[in-house]
Amino acid sequence: MELEIRLSLPAWIADEVGDPGRAYPTIESRMELALRLAGRNVAEGTGGPFGAGVFDRETGRLIAPGVNVVVPSTCSVAHAEIMAIAGAQQARGVFDLGSPAGTATELISSAEPCIQCFGAIWWSGVTRVVTGARRQDVETISGFSEGPLPEDWPKLLARRPPLPAVEVLRDCLRSRAADVLRRYRDGGGRIYNPGAG
Ligand SMILES: [Zn+2]
């Protein structure tokens, strides 16, 4: 019986992130970091082709990065978005990133969320989500299934009283995000939909 559950990001993350105090003034600059993380995760062979980060919306500073570490962590929930959200909550010492004590936060992700990460975003407390590759890019290029994500998932987040709205911006650097998925596929990266072996 496990009494403690541990998830770790690859050691190279600190090197790729560099100066932790650096500000990323635009959503494109934040997405560029998420894409660099996704690309390096592919190049290093440390997980799937997905990168993410939770940022402070006011200062533009990175609170926590994330990459997909499902295979090395032997953990099906260890998607990039989950790692970034969990890391940000640990860094801030809150389970709700929208709690009044903190400044507003946003999740930047190299791809649209799967059904699991949609749920995780719902409960996270972030007030904005920015995505790169579309679900169609993920499914046609990489072969990953996003599960039965509702077609209108951005609307569901944008209007959900009594909970605070979560703004959704899609297609940020979409073609470059899709390129990362292609590199993973072309490099023979492992596809691990459940039950598919
Ligand atoms: Zn996911």
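Rules used throughout
- Residues numbered from 1 in each chain as written.
- Predicted model: local features only at pLDDT ≥ 70, side-chain atom pairs only at ≥ 80, totals over all residues.
- Heavy atoms only, no water.
- Helix = DSSP H or I, 4+ residues; strand = E, 2+ residues; numbered from the N terminus.
- Contact = heavy atoms within 4.5 Å.
- Pairing = 2+ DSSP bridges.
- Axes fitted to C-alpha atoms, helices over the stretch in contact; angles between N-to-C directions.

**Student:** Could you give an account of the environment of C75, naming the residues involved and the relevant values?
**Tutor:** As for its placement among the helices and strands, C75 is situated in the loop between α3 (70-73) and α4 (80-92). A sequence separation of 109 residues divides C75 from Y184, and the C-alpha atoms of the two residues are 20 Å apart.

**Student:** I'd like a rundown of the environment of V168, residues and numbers included.
**Tutor:** Position of V168 relative to the elements: it lies in strand β5 (residues 167-169). Considered as a pair, V168 and R134 are 34 residues apart in the sequence and their alpha carbons are 13 Å apart. Not counting residues within four places of it along the chain, the set of residues in contact with V168 comprises V129, W153, P154 and L157.

**Student:** Quick one: what's the story with the sheet that holds strand β4 (residues 128-133), residue by residue and with numbers?
**Tutor:** The sheet built from 5 strands is open, its strands ordered β2-β1-β3-β4-β5 with mixed pairing. Strands with a single pairing partner mark the edges of an open sheet, and in this sheet they are β2 (62-67) and β5. The sheet shows a mean angle of 15 degrees between the axes of neighbouring strands, taken without regard to direction. As paired strands, strand β1 (residues 51-56) and strand β3 (residues 105-111) are joined by 5 bridges and run antiparallel to one another. Counted as the bridge partner of F55 is E106 from β3. Set on the sheet, helix α2 (residues 27-44) makes contact with β1, β2, β3, β4 and β5; between it and β3 the angle comes to about 50 degrees.

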